[in-house]
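Here is how the chains run, residue by residue.
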Amino acid sequence: MGYRITAKQDLSPIDYFVEVEAPHITRAWKPGQFVVFILHERGERVPMSVYKAENGKIGMFIRKLGKTSLQLYYEFNVGDELYSIVGPLGKPIKVEHYGNVVFASDAVCGQAENYATLRAMKEAGNYTISIQSFENAQNVYPEEFLAKPVADEHYITTEDGSVGRKGHYLDVVKELIEKDRVDIIFAGGKLGSLAKLAELTRPYGIPTITTVRQIMVDGTGMCGSCRILYDGQIKFACRDGPMFDAHKVDWEDVLRRSSRFVEQEKLAKERYLEELRAKGVI
Ligand SMILES: Cc1cc2nc3c(=O)[nH]c(=O)nc-3n(C[C@H](O)[C@H](O)[C@H](O)COP(=O)(O)OP(=O)(O)OC[C@H]3O[C@@H](n4cnc5c(N)ncnc54)[C@H](O)[C@@H]3O)c2cc1C
Ligand code: FES
């Protein structure tokens, strides 16, 4: 059985939204968990965070990054079917009453997780604070896709200050910490920022739970591709995460391993863009 696309729209010039029928996932999915989809019979496995999972459909935010994300954008439309979606995978986060819960994000996967996590945290009676960082005004998502409805307090930052506050989520987090307003912080997005966040919160002992994205293949703990060093032990981001206590993650190792296929990815992207140009699609 295929998985029908029920909605698709641009979020910005670089990110887009896709909604797909997958009732087997919506029945079991919890915040923190992800899915893996395959576009076509010969396609690669692509891990994705979930923005919403309800009414038998899952919503995802996707960045036009390389071959597969571009192919889904240019060649699949509403009514078309994906070959496969597996999930939910990974461990859910612990949803309980913490007090002031912050979620900070600065890239596409984190923006999806920001909404999904804070929605559950708000329902559990927490005071929720969302910080969503974008590069510039153009890249800020339409209002209905921001985490505003699930946040008691909502901040947007842009690098140039053209929308919201000037700077990055790290600046806002620092201010909130100085005012003693953070009981726990969750974050997702760029790995380099997550590593900095871990160092920012460490001296204050603030629990800091972040996504650790690594290259995944099977997504179930069998292949070893997403291995990380955590508290001196080997863990698999897909099976033991993808959200971990950021203070126990060896970020240097994570950053090094995350870029190990860059050359091959670049080549695949260039070849695919050439195909699209030859067909007159772009
Ligand atoms: C748990 C998890 C959640 C994710 N959530 C999202 C999301 O919500 N939105 C989104 O756009 N992306 C998300 N990603 C990353 C996403 O899987 C890649 O962007 C995607 O595979 C890119 O494929 P591509 O062919 O377009 O680009 P490629 O050119 O193949 O890759 C571009 C970059 O994407 C990352 N990537 C590629 N393949 C994988 C893989 N198998 N596993 C992990 N990362 C990979 C690498 O950083 C790579 O440099 C997530 C990854 C993980 C592990
Ligand atoms: S993706 Fe294979 S072990 Fe995690």
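Residues numbered from 1 in each chain as written. Chains lettered and ligands numbered in written order. Predicted model: local features only at pLDDT ≥ 70, side-chain atom pairs only at ≥ 80, totals over all residues. Heavy atoms only, no water.

S.K.: What exactly am I supposed to notice about the layout of surface pockets here?
M.R.: Empty space among the atoms becomes visible once a probe the size of a water molecule is rolled across them. Here the largest pocket is characterised by a volume of approximately 1,700 Å³. What lines the largest pocket is a set of 50 residues, and nearest its centre among them are V46, P47, L65, I215 and E265. The set of elements that each furnish at least two residues to the lining of the largest pocket consists of β3 (34-38), β4 (46-49), β6 (57-63), α2 (67-75), α3 (108-123) and α8 (262-279). Residue classes in the lining of the largest pocket are distributed as 24 nonpolar, 15 polar and eleven charged. The residues that make up the lining of the largest pocket include at least three from each of domain 1 (3-89) and domain 2 (100-258). If you add up the space inside the second largest pocket, you get close to 290 Å³. (1 Å grid on protein atoms, 1.4 Å probe; cavity = no way out; pocket = protein on both sides within 12 Å on 5 of 7 lines; lining within 4 Å. Points joined across faces, edges and corners; volume = space filled by probe spheres on them. Helix = DSSP H or I, 4+ residues; strand = E, 2+ residues; numbered from the N terminus. Nonpolar A, V, L, I, M, F, W, Y, C, P; charged D, E, K, R; others polar. Domains from an automatic or database assignment.)

S.K.: It is not clear to me how the packing of α2 against α8 should be interpreted in this structure. Could you clarify?
M.R.: A pair of packed helices can be characterised by two numbers: the angle between their axes and the separation between those axes. Where α2 meets α8, the closest approach of the two axes is 9 Å, and the angle between their N-to-C directions is 25°. Taken together, α2 and α8 sit at an angle that is classed as roughly parallel. Mapping the contact onto sequence places K67, L70, Q71, Y74 and E75 in α2 and A268, K269, Y272, L273, L276 and K279 in α8. Its residues placed into classes, the contact of α2 with α8 shows six nonpolar, one polar and four charged. (Axes fitted to C-alpha atoms, helices over the stretch in contact; angles between N-to-C directions. Parallel < 35°, antiparallel > 145°, perpendicular 65-115°, else oblique. Contact = heavy atoms within 4.5 Å.)

S.K.: Looking at this structure, how should I read the side chain of D218?
M.R.: Note on placement: D218 falls in the loop between β14 (208-211) and β15 (227-230). Although buried, D218 forms no salt bridge, and the nearest oppositely charged side chain, R45, lies 6.2 Å from it. Here the side chain of D218 touches T220 through a polar contact of 2.4 Å, side chain to side chain. Those residues in contact with D218 that sit more than four places away from it in its chain are R45 and C223. (Buried < 20%, exposed > 50% of the residue type's maximum accessible area, 1.4 Å probe, protein only. Lys, Arg positive; Asp, Glu negative; His and termini not counted. Salt bridge = Lys/Arg side-chain N within 4 Å of Asp/Glu carboxyl O. Polar contact = N/O pair within 3.5 Å; in protein donor to acceptor, adjacent residues only side chain to side chain.)

Any functional reading would require information that these geometric values do not contain.
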